[in-house]
Every structure is written in C-alpha cells, then in structure tokens.
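Residue-level structure breakdown
One-letter residues, chain by chain:
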Amino acid sequence: MTFDAEARMRLLFALRSNGITDERVLNAMEKIDRARFVRGVFQPRAYDDTPLPIECGQTISQPSVVGMMTQALDVRPRDKVLEIGCGSGYQAAILSQLARRVYTLERYKPLARSAQTTLQQLDISNVTVLAADGAVGLPEQAPFDRILVTAAAEDVPPALLAQLRIGGIMVVPVGQSDHVQTLLKVTRTEAGPDYTTLGEVRFVPLVEGMGDG
Ligand code: SAH
C-alpha cells in the first residue's frame, strides 16, 4: 500500500478549513489511514474530502463530516461509545483512538465482516463490530456515554435515546428527506433531551432490520 504523504497533508488541511480544530480529533484522523477502508478503483481517491462507495451500495462518509461529527461528540478517554452504521469501519477506527470502548452495529453482514478484518489488520482491539439492527441499539451494553448514528433517521430513535446515559451525547442526522438532513447534537439531561443543530448533511438512510447478504 502506498502511503501518499502529500495527499494526506491536503486532507488534514481540508479538515482544518472545515472547522475541525480539536487536536485529539485531528491526531486520530492523521493516524488512521482512510485508504485501508476503501477498495479497488476508489483507493486513489481515499484522501479526497468526499464520500466514496463501499460494498452493499453504501458509502464511507466524507472526511470533513466524520471530523465534524467526531468533534461534536466530544469523546472522553473513559467513554463507552455506540456507533450505528459501521459501514467500512473508518469512523469506528477514529473513535477507537479517543474512547475506551467502541461498539459498532451494521445491518449488512458482508460490511460488518470486512470492517472487522480491516480493524484487526490495524491492530485495533477496542472496537466490537456486530452484524445487527442498530435501530434497536445494543441494550445489553447500555448505558453509553456517547452514541453516533452515521445513517439518517426520520427522527431521533427513542430506543437509542433510552440507551444514552444522563449527561451523555448523541450525534445523529435527522430528516424526512433522502437528500439532505439536519445533523443534531442531543445531550440527555435529567430534565430531558437538549438539542443543538450542527448543520446540513447527506447520509444514506437508517433502515430497520438486517440487510440481504
Ligand atoms: N460510518 C461508516 C459510514 C456509514 S454509511 C463508515 O465510516 O464507513 C451508513 C451505514 O449504516 C451503511 O453501511 C448502512 O448499511 C448502515 N445502516 C443503515 N441502517 C442501519 C441499521 N438499522 N442498523 C445498522 N446499520 C445500518
């Protein structure tokens, strides 16, 4: 695998220009090689700040969106994090650098398998990939300090909110449209959820149930 230092520097510059200023997030994104998470003809574009196709008709998210979501999640070193929508495993790998433990759920078994293989090859041992329906979350490991949803929900999924500890943060793209959604930061307080809008994003939809394959 060639390691294109100049292209990676350009990517870090793009992250900074897009408002990613948290050094912990930037360091994690500098360390995790995105080229390991994309395949075939798309590999030369691994350091472009753009989403790219992966197996099962899904996408690896745009790096600046990964950065923005990770920064908003404000992960602490002792945190137990749940990700919904493992996809390639790239976002989970970034989270693994910032959290104590990461659980990531994927409805397509082939994606879950290849993400697990990639993470193993990178010696990342604090991420558990599960082929499961993320719409119901992972009640047996709840509560979570942080929850990151990387597929678009019509609304904040109540099952996931229930699995967020009080004081915990969830970042989730929400919207009725397939084309554009609002990225929300939800902080669960004693009095109920607090919502902050982070901007507009474009994600593949959160689909209930397991995928074919
Ligand atoms: N975080 C990924 C990109 C996410 S793409 C990465 O870093 O590569 C969104 C992913 O969410 C897709 O792989 C899709 O299959 C998955 N997904 C959609 N609905 C889901 C559900 N209910 N449970 C688990 N995964 C789901």
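Report on the accompanying structure.

Cut-offs and rules
- Residues numbered from 1 in each chain as written.
- Predicted model: local features only at pLDDT ≥ 70, side-chain atom pairs only at ≥ 80, totals over all residues.
- Heavy atoms only, no water.
- Near = heavy atom within 4 Å.
- Polar contact = N/O pair within 3.5 Å; in protein donor to acceptor, adjacent residues only side chain to side chain.
- Areas by Shrake-Rupley, 256 points an atom, 1.4 Å probe, with all protein chains shown as cover.
- Buried < 20%, exposed > 50% of the residue type's maximum accessible area, 1.4 Å probe, protein only.
- Helix = DSSP H or I, 4+ residues; strand = E, 2+ residues; numbered from the N terminus.
- Pairing = 2+ DSSP bridges.
- Axes fitted to C-alpha atoms, helices over the stretch in contact; angles between N-to-C directions.
- Contact = heavy atoms within 4.5 Å.
- Phe/Tyr/Trp six-rings, centres within 6.5 Å; stacked < 30°, edge-to-face > 60°.
- Lys NZ or Arg CZ within 6 Å of the ring centre and 35° of its normal.

1. Digging into the site of the ligand
As a matter of local geometry, the ligand sits amid 27 residues, with Ser88, Glu106, Asp133, Gly134 and Val207 nearest to it. At 2.9 Å, a side-chain N or O of Glu83 approaches a nitrogen atom of the ligand. Between a nitrogen atom of the ligand and a main-chain N or O atom of Gly85, the distance comes to 2.9 Å. Alone, the ligand offers 580 Å² of accessible surface; in the complex the protein occludes 99% of this.

2. Comments concerning helix H3 (residues 63-73)
Each turn of an α-helix holds 3.6 residues, which means side chains three or four residues apart point in the same direction. Counting buried positions over the eleven residues of H3 gives nine, a clear majority of the element. The positive-phi residue at the C-terminal boundary of H3 is Asp74, with phi of around 50 degrees.

3. Some thoughts on the sheet that holds strand E8 (residues 181-189)
As summarised here, the arrangement of the seven strands in space is E5-E4-E3-E6-E7-E8-E9, forming an open sheet in which the pairing is mixed. The open sheet has two free edges, formed respectively by strand E5 (127-131) and strand E9 (192-201), since each of these has just one partner strand. Direction aside, the axes of adjacent strands within the sheet are offset by 15 degrees on average. Pairing between strand E3 (residues 80-84) and strand E4 (residues 101-106): five bridges, direction parallel. For Glu83, the partnering residue across the bridge sits in E4 and is Thr104. Running at roughly 160 degrees to strand E7 (residues 164-174), H3 makes contact with E3, strand E6 (144-149), E7, E8 and E9 of the sheet. Sitting on the sheet, helix H5 (residues 109-121) touches E4 and E5, and the angle it makes with E5 is about 165 degrees.

4. Concerning the pairing of E9
Where E8 and E9 come together, nine bridges link them in antiparallel fashion. Note that in E9 the partner of Lys185 across the bridge is Thr196. Connecting the antiparallel pair E8 and E9 is a turn made up of two residues.

5. Section: the packing of aromatic side chains
The final tally for this structure, using the stated rule, is two aromatic pairs. Here the aromatic rings of Phe37 and Tyr90 are separated by 5.6 Å at their centres, their planes lie at 65 degrees, and the arrangement is edge-to-face. Separated by 53 residues along the polypeptide, Phe37 in the loop between helix H2 (23-31) and strand E1 (52-53) and Tyr90 in helix H4 (residues 90-96) bring together distant segments of the chain. For Tyr90, a relative accessible area of 2% corresponds to the buried category. When the ring centre of Phe144 is taken as origin, the NZ or CZ atom of Lys80, which lies over that ring, is 5.4 Å away. The cationic tip of Arg107 hangs over the ring face of Tyr108; the distance from NZ or CZ to the ring centre is 5.1 Å.

6. Some remarks on unusual backbone geometry
Geometrically, the link from Ala142 to Pro143 is a cis peptide bond, its omega value of 5 degrees lying close to zero. Looking at where Pro143 falls in the secondary structure, it is placed in the loop between E5 and E6. A positive phi is found at Cys56, a non-glycine position, where the angle reads about 60 degrees. Mapped onto the elements of the fold, Cys56 is located in the loop between E1 and strand E2 (59-60).

7. Some remarks on the environment of Ile32
For Ile32, the location among the structural elements is in the loop between H2 and E1. Separated by 159 residues in sequence, Ile32 and Ala191 place their C-alpha atoms 38 Å apart. Ignoring any residue separated from it by four or fewer positions in sequence, one finds Ile32 in contact with Arg8, Phe37, Tyr90, Ala93, Ile94, Gln97 and Ile124.

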